[in-house]
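Fold and contact review
Read off the chains here:
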Amino acid sequence: MGVDSGLPDFRGPEGFWRAYPPYRRLGLRFEELADPEHFDDDPELAWGFYGHRLALYRATVPHPGFGVLRGWADRLPARVFTSNVDGAFQAAGFAAPDVTECHGAIGALQCSRPCHEGTWPADDVVVTLDEETMRAVPPLPVCPRCGAVARPNILMFGDASWVPGVHGERMGEHRAWLRAQDGARVGVVELGAGTAVPTVRRHAELASASSGRLVRINIREPEVRHGHGVGLAAGAQATLEALDGLLADAW
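Residues numbered from 1 in each chain as written. Predicted model: local features only at pLDDT ≥ 70, side-chain atom pairs only at ≥ 80, totals over all residues. Heavy atoms only, no water.

1. A look at the side chain of Thr100
Within the element layout of this structure, Thr100 appears in strand E2 (residues 99-101). On the basis of relative accessible area, Thr100 is assigned to the buried category, the value being 0%. Engagement of the side chain of Thr100 in a polar contact is seen with the side chain of Arg79, the distance being 3.4 Å. Setting aside anything within four residues of it in sequence, one finds Thr100 in contact with Arg79, Val80, Phe81, Thr82, Arg170, Met171 and His174. (Helix = DSSP H or I, 4+ residues; strand = E, 2+ residues; numbered from the N terminus. Buried < 20%, exposed > 50% of the residue type's maximum accessible area, 1.4 Å probe, protein only. Polar contact = N/O pair within 3.5 Å; in protein donor to acceptor, adjacent residues only side chain to side chain. Contact = heavy atoms within 4.5 Å.)

Written out as structure tokens, the structure is:
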């Protein structure tokens, strides 16, 4: 979904390094940068990476495929389950309580220690970046309670200090909503969920297990290996718009 809005594709080191050439020179992969330890060991490096992403996501306009999904959600009971942290579904008009962000969101901050279980909006955060080195220029965001460096409220690799906060609450609400549905009638549209971190992919298969109504839209990995469903090797926006055209008469 994000790539069709113009965001870089981070899959594989080559894709990541094409988007961020300075990290190629440093030999750093996405998985190595998305590590919470950097906020203790090298906060300028950590905030260089996440500060750039925060500015990029703020400037990104959700593509028309999001509008297709909003139209479907206006007609049928629906919820969003996403590992994207960019807040694009809310920007596209989905109500926040209907969006479960299983890996958190970059639009909120938490203490890096953490000294408490709270989070707060990153609305006023502007990170100055040295684009040659991809390092942030102090001052950096800090926890208002203890003064330690703050970090995005995102679940990172090997992350023992993530504060689930509202995301944990939404996860519980999402599971309760699924239990309340007639499983035989639940349909799942999965968009771009890969196998490297298969959180969304597994959830989609479980949620559609009773019905077999899974549509997997994925350019690289469209295969449906567990249960029943349809795999489409195509991009998100174009496929959503094509499906919406086919559904026009059904509405």
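2. Regarding the sheet that holds strand E10 (residues 230-232)
Read from one edge of the open sheet, three strands run E8-E9-E10, paired in parallel fashion. The sheet is open, and its two borders are formed by strand E8 (188-191) and E10, each paired with just one other strand. Taken pair by pair, the neighbouring strands of this sheet meet at an average axis angle of 15°, ignoring direction. One ladder, built from three bridges, connects strand E9 (residues 214-217) with E10; its direction is parallel. When the sheet's bridge partners are listed, Val215 is paired in E10 with Val230. Packed on one face of the sheet, helix H9 (residues 199-207) meets E8 and E9 and runs near 165° to E8. (Pairing = 2+ DSSP bridges. Axes fitted to C-alpha atoms, helices over the stretch in contact; angles between N-to-C directions.)

3. Details of helix H6 (residues 64-75)
When the terminal C-alpha atoms of H6 are compared, their 17 Å separation across twelve residues agrees well with the 16 Å that a helix rising 1.5 Å per residue should span. Taken together, the buried positions of H6 are occupied by Gly65, Phe66, Val68, Leu69, Gly71 and Trp72. Contact partners of the buried residues in H6: helix H7 (88-91), E8 and helix H10 (236-247). (Expected span 1.5 Å × (residues − 1).)

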